[in-house]
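Architecture and fold: a report
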Amino acid sequence: MKMLNTALAATAMLAVAGPAAAQAADTQARALDIAKRAIAFRSVAGPGNQTPQLAAYLKSVLVAGGFADRDVTVTPVDDTAYLIARWPGTDATAKPLVISGHIDVVEAKPADWQRDPFTAVVEKGYLYGRGATDMKLDAAIVIATLTAMKREGYRPRRDIVLEFSGDEETRMKTSALIAEQLKNAEMVVNIDGGGGRLSEGGTPEFATFQGAEKTYADFELTVTNPGGHSSEPRRANAINQLSAAMVRIGDYRFPPQISPVTRTFFVEAAKHKTGSIAAAMRAFAADPTDATAIETLAADPAYVGQIGTTCVATMFDAGHATNALPQRATANVNCRIFPGVKPADVMATLARVAGDPAVTVRDVTEGSVANDASPLRPDFVAAATRAMGKAYPGVPLFPSMSAGASDSMWFRYRNVPSYGASPMFIKDSDNFSHGLNERTPIASIAPAIVYYRSLFADLSR
């Protein structure tokens, strides 16, 4: 398969400021080695979770790379752990720049994979393994970049704080603890967000940074009644009532919404699309009430989450015996809520749309808080644009909104601007994050180092 074109990779190599080509190659090799070693740790929630051991390994790498031992802490939490490393700046009064990521991964069963998910393999230009995309390779590149900058004598004005949470993929308990500790940050660069798109031919097309994310919420809908013998049916049947309510909810569409982040995304993304999707993006950006544009975007799973709040049924449980009328029926509705919308208002809408007073609705969300979009700060946008220009000359960068959840949520909840800013480029057909046979092109490593070096230096001055 074709990878990043060699001209761009060569340009990225030449653009490295400071170290000689041999030093740049050494940094790339170090990043790949760290990533391969990190993948070998089964940092999955539950029995045998090796996140604490992975955090200890990464601490050893940071200390060997020039961080003071006292400035790198690993804190155990339940079966996991989190890491915080501080690079002191020259101005003690300046708020720190936080670089955020996570080192836990989604479960991967070896029997389902073509290769052992916890044995890193480099094959045909790809790094394979759980975490190759989400996000042990990114973490390794950042560590290699920061330690290289230390060796070269760079001195930040403000503290640079690198933190890795240990349960981002599950409860986000460590994520919340970290954000509470670092709520005085100037801003957060979350390396677990944003990223670039490669064409199927391997050419970089565009990159986005995550300026907002939707709020995750779960709502439990329940119908209860006395039940009885199945030979004596009654009009009020918990399964029937809840099923009818769920159909009404499934048919309901929340009012379309747009924000500065999503408007810019649609305007810029339309330049890289064709046909009806491109037309719909432009039309929606100009008029978010355009019915044709709404129908076109809502029909595409990639964009329905970008035009407003979405709610979908994910679980259903009912009845207690095959020969008895159900005494209870319960369903879970998972919602991804547009920034600025209150979960309580969404819950009230679900109760109204259910259309049956017998249906009760309650918020059962865990590990999530409402958060608004980060402001499009000129200093961050300028630094990220400049960094992308060095790594991938001519490739556009623009903001986007994530339909999923990341650690940025916890910082935004505490009014700290946070931006998902990974420079990793990947094809749509190669994106197996959370799935089988996860892989990322290793040709992304060299330009990512160029990008991170520029971004971190600009934002820590």
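A few points on the structure. Just so it is clear, the structure is predicted and the values come from calculations on it, not from any experiment.

1. Description of the pattern of salt bridges
Within this structure, the stated rule accounts for 24 salt bridges. A salt bridge links Lys-59 to Asp-69; the nearest nitrogen and oxygen atoms lie 3.7 Å apart. Of this pair, Lys-59 sits in helix H3 (residues 51–64) while Asp-69 is found in the loop between H3 and strand E1 (72–77), placing the two residues ten residues apart along the sequence. Asp-69 gets classed as partly exposed once you look at its relative accessible area, which sits at 48%. Note that Glu-220 and Arg-362 form a salt bridge whose closest N and O atoms lie 2.8 Å from each other. Residue Glu-220 is found in strand E10 (residues 215–224), and its partner Arg-362 is found in strand E15 (residues 360–363); the two are separated by 142 residues along the sequence. A relative accessible area of 48% means that Arg-362 is categorised as partly exposed.

2. Quick word on the state of the cysteines
Scanning the model with the defined rule gives one disulfide in all. Cys-311 shares a disulfide with Cys-335; S-S distance 2.0 Å. Between Cys-311 and Cys-335 the disulfide shows an S-S torsion of about 115°. By sign, it is right-handed. Taken together, the positions of Cys-311 in strand E12 (residues 310–318) and Cys-335 in strand E14 (residues 328–337) put the pair 24 residues apart, joining distant regions of the chain. In terms of burial, Cys-311 and Cys-335 fall into one category: buried.

3. Things to note about the environment of Gly-101
Mapped onto the fold, Gly-101 is located in strand E3 (residues 97–102). Overall, Gly-101 belongs to the buried group, its relative accessible area being 0%. Gly-101 sits 35 residues away from Lys-136 along the chain, and the two C-alpha atoms are 9.0 Å apart. Aside from chain neighbours lying at most four places away, what touches Gly-101 is Met-135, Glu-163, Phe-164, Ser-165, Asn-190, Ile-191 and Asp-407.

About the cut-offs
- Starting afresh in each chain, residues are numbered from 1 along the sequence in its written order.
- Whole-chain, interface and lining totals are the exception, using all residues; otherwise, since this is a predicted model, local features are given only for residues with pLDDT of at least 70 and side-chain atom pairs are given and counted only at 80 or more.
- With hydrogens and water set aside, each side-chain value is computed from the structure's full complement of heavy atoms.
- Salt bridges are identified by distance alone: a Lys or Arg side-chain nitrogen within 4 Å of an Asp or Glu carboxyl oxygen.
- A helix here means a DSSP run of H or I that spans at least four residues, while a strand means a run of E at least two residues long, and both kinds are numbered starting from the N terminus.
- Classification of residues uses two cut-offs on accessible area relative to the type maximum, computed with a 1.4 Å probe and protein chains only: under 20% is buried, over 50% is exposed, and between them is partly exposed.
- Note on disulfides: each one is a pair of cysteine sulfur atoms within 2.5 Å.
- Residues count as neighbours in contact if any of their non-hydrogen atoms are within 4.5 Å of one another.

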